[in-house]
Amino acid sequence: MTSPGEQLLPINSNGDVVLVRQQVRAVAIQAGLSLVDQTKVVTAASELARNALVYAGGGQVKIEVVRNGVRSGLRLTFSDDGPGIPDIEQALTDGWTTGGGLGLGLSGSRRLVDEFDLQSAPGEGTLVTVTKWSR
Amino acid sequence: MERVPILKLGDILIVSIQIDLEDQSVLALQEDLADKIVATGARGVIIDITAVEIVDSFIGRMFATIASISRMLDAETVVVGMRPAVAITLVELGLSLGGVRTALNLEKGVALLNHLDGAQIAAARR
Ligand SMILES: Nc1ncnc2c1ncn2[C@@H]1O[C@H](COP(=O)(O)OP(=O)(O)O)[C@@H](O)[C@H]1O
Ligand SMILES: [Mg+2]
């Protein structure tokens, strides 16, 4: 279910990945993030959206503005029903890739945001939640 | 898919990225550039990313790949116009782009290529 402050975007094509970046940028501005923080969270979103597309054949992202006292932030929840990740520790290691990539998508995204949560198991899909707070 | 145009200015190829790059456009640009370097005998490639708002690992890898391909085809690559927020983000992402030459803007990029070309000619004469 989505409440007024949230939106759900599909990730089923390369074009969708671009749309996710654009929408995350728009909401990051709305949440009051600085230019550098917008750039960081859009970059993380691009990595995570591509992962859902490439490794799971598609998925979706929920984009929402969140509040914590006086601070506002942006929370992104990426979900897919793909094969899941057998070894999360390994997947979060810089340079680890099974897809011929640079292996920086997960580990780099974790550095670019304030909160990072990855839940996955073989056959259970993957759920990645990231939050970036305004300063 | 949108294709990124490649302009020729003397013996330099200029790629000014003005679109939101999707992965297919990135791959197409690598191939188009390799073809164009060979077809024109260009000695330098400038990739202008002044308008690019984010560089993720896929796009960042393209810069390194283009630099390697051009070098093998006897051309040098310079990436120009990186925004400060993009530079900060790239470093935190873990991409230092060690093998990629950069310059602050187009003018400095052209000067760098001319300098590199001059240095090569001087070395060949020695
Ligand atoms: N949504 C996902 N579903 C299944 N596996 C994934 C997913 N996201 C990442 N992975 C696995 O984690 C590895 C590391 O991902 P990442 O850090 O983005 O690097 P890269 O995409 O360059 O391989 C991937 O190669 C893949 O094996
Ligand atoms: Mg990835």
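Every value quoted in this text rests on a predicted model; they were computed, and no experiment measured them.

1. Re the interface of chain A and chain B
Then, number 1: With 23 residues of chain A in contact, the opposing surface of chain B contributes 21 residues.
Then, number 2: Interface area, chain A with chain B, both sides summed: about 2,000 Å², of which 55% is carbon and sulfur.
Then, number 3: When the buried area of chain A at its contact with chain B is split by residue, A:N14, A:R50 and A:L102 rank highest and sum to 25% of it.
Then, number 4: Where chain A packs against chain B, one counts five salt bridges.

2. A short note on the side chain of A:R50
Then, number 1: Within the element layout of this structure, A:R50 appears in helix α2 (residues 35–56).
Then, number 2: Taking relative accessible area as the criterion, A:R50 reaches 7% and is therefore assigned buried.
Then, number 3: Within the structure, A:R50 has its side chain in polar contact with the side chain of B:D56 (distance 2.8 Å).
Then, number 4: Ignoring any residue separated from it by four or fewer positions in sequence, one finds A:R50 in contact with A:V17, A:R21, B:D23, B:D56 and B:F58.

3. Re the nonpolar core
Then, number 1: Membership of the largest hydrophobic core comes to 64 residues, with the highest contact counts inside it found for A:I11, A:V24, A:L76, A:F78, B:I17, B:M62 and B:F63.
Then, number 2: Of all the elements, α2(A) adds the most residues to this core, at eight residues.
Then, number 3: Setting aside residues up to four positions removed in sequence, A:I11 forms contacts with A:D16, A:V17, A:V20, A:A49, A:A52, A:L53, A:G58, A:G59, A:Q60, A:V61 and A:F78.

4. A word on the site of ligand 1
Residue and element names in this part refer to chain A.
Then, number 1: The environment of ligand 1 is formed by 17 residues, the closest being N51, Y55, T97, T98 and L106.
Then, number 2: At 2.5 Å from an oxygen atom of ligand 1 is found a side-chain nitrogen or oxygen belonging to T97.
Then, number 3: Taking 530 Å² as the accessible area of ligand 1 by itself, protein coverage stands at 92%.
Then, number 4: Taking a 2 Å distance to the grid points as the criterion, the majority of the atoms of ligand 1 fall inside the largest pocket.
Then, number 5: Looking at the shell around ligand 1, the elements that each hand over two or more residues are α2 and α4 (105–112).
Then, number 6: A class-by-class count of the residues in the shell around ligand 1 yields seven nonpolar, nine polar and one charged.

5. Remarks on the packing of α4(A) against helix α3 (residues 84–93) of chain B
Then, number 1: Relative orientation of the contacting elements α4(A) and α3(B) amounts to 125°, with a least axis distance of 8 Å. What the angle tells us is that α4(A) and α3(B) run oblique. Where α4(A) approaches α3(B), its residues A:G108, A:S109, A:R111 and A:L112 are matched on the opposing element by B:T89, B:E92 and B:L93.
Then, number 2: Here the contact of α4(A) with α3(B) is composed, by residue class, of two nonpolar, three polar and two charged.

6. Side note on unusual backbone geometry
All names here are of chain B.
Then, number 1: The phi dihedral of D74 is positive, around 65°, even though this residue is not glycine.
Then, number 2: Within the secondary structure layout, D74 lies in the loop between α2 (57–72) and β4 (76–80).
Then, number 3: A relative accessible area of 47% means that D74 is categorised as partly exposed.
Then, number 4: For L97, which is not a glycine, the phi torsion comes out positive at approximately 50°.
Then, number 5: Within the secondary structure layout, L97 lies in the loop between α3 and β5 (101–103).

The rules behind each value
Residues numbered from 1 in each chain as written. Chains lettered and ligands numbered in written order. Predicted model: local features only at pLDDT ≥ 70, side-chain atom pairs only at ≥ 80, totals over all residues. Heavy atoms only, no water. Contact = heavy atoms within 4.5 Å. Buried area = accessible area lost by both parts, 1.4 Å probe. Salt bridge = Lys/Arg side-chain N within 4 Å of Asp/Glu carboxyl O. Helix = DSSP H or I, 4+ residues; strand = E, 2+ residues; numbered from the N terminus. Buried < 20%, exposed > 50% of the residue type's maximum accessible area, 1.4 Å probe, protein only. Polar contact = N/O pair within 3.5 Å; in protein donor to acceptor, adjacent residues only side chain to side chain. Core = buried A, V, L, I, M, F, W, Y, C linked by side-chain atoms within 4.5 Å. Near = heavy atom within 4 Å. Areas by Shrake-Rupley, 256 points an atom, 1.4 Å probe, with all protein chains shown as cover. 1 Å grid on protein atoms, 1.4 Å probe; cavity = no way out; pocket = protein on both sides within 12 Å on 5 of 7 lines; lining within 4 Å. Sits in = over half its atoms within 2 Å of the grid points. Nonpolar A, V, L, I, M, F, W, Y, C, P; charged D, E, K, R; others polar. Axes fitted to C-alpha atoms, helices over the stretch in contact; angles between N-to-C directions. Parallel < 35°, antiparallel > 145°, perpendicular 65-115°, else oblique.

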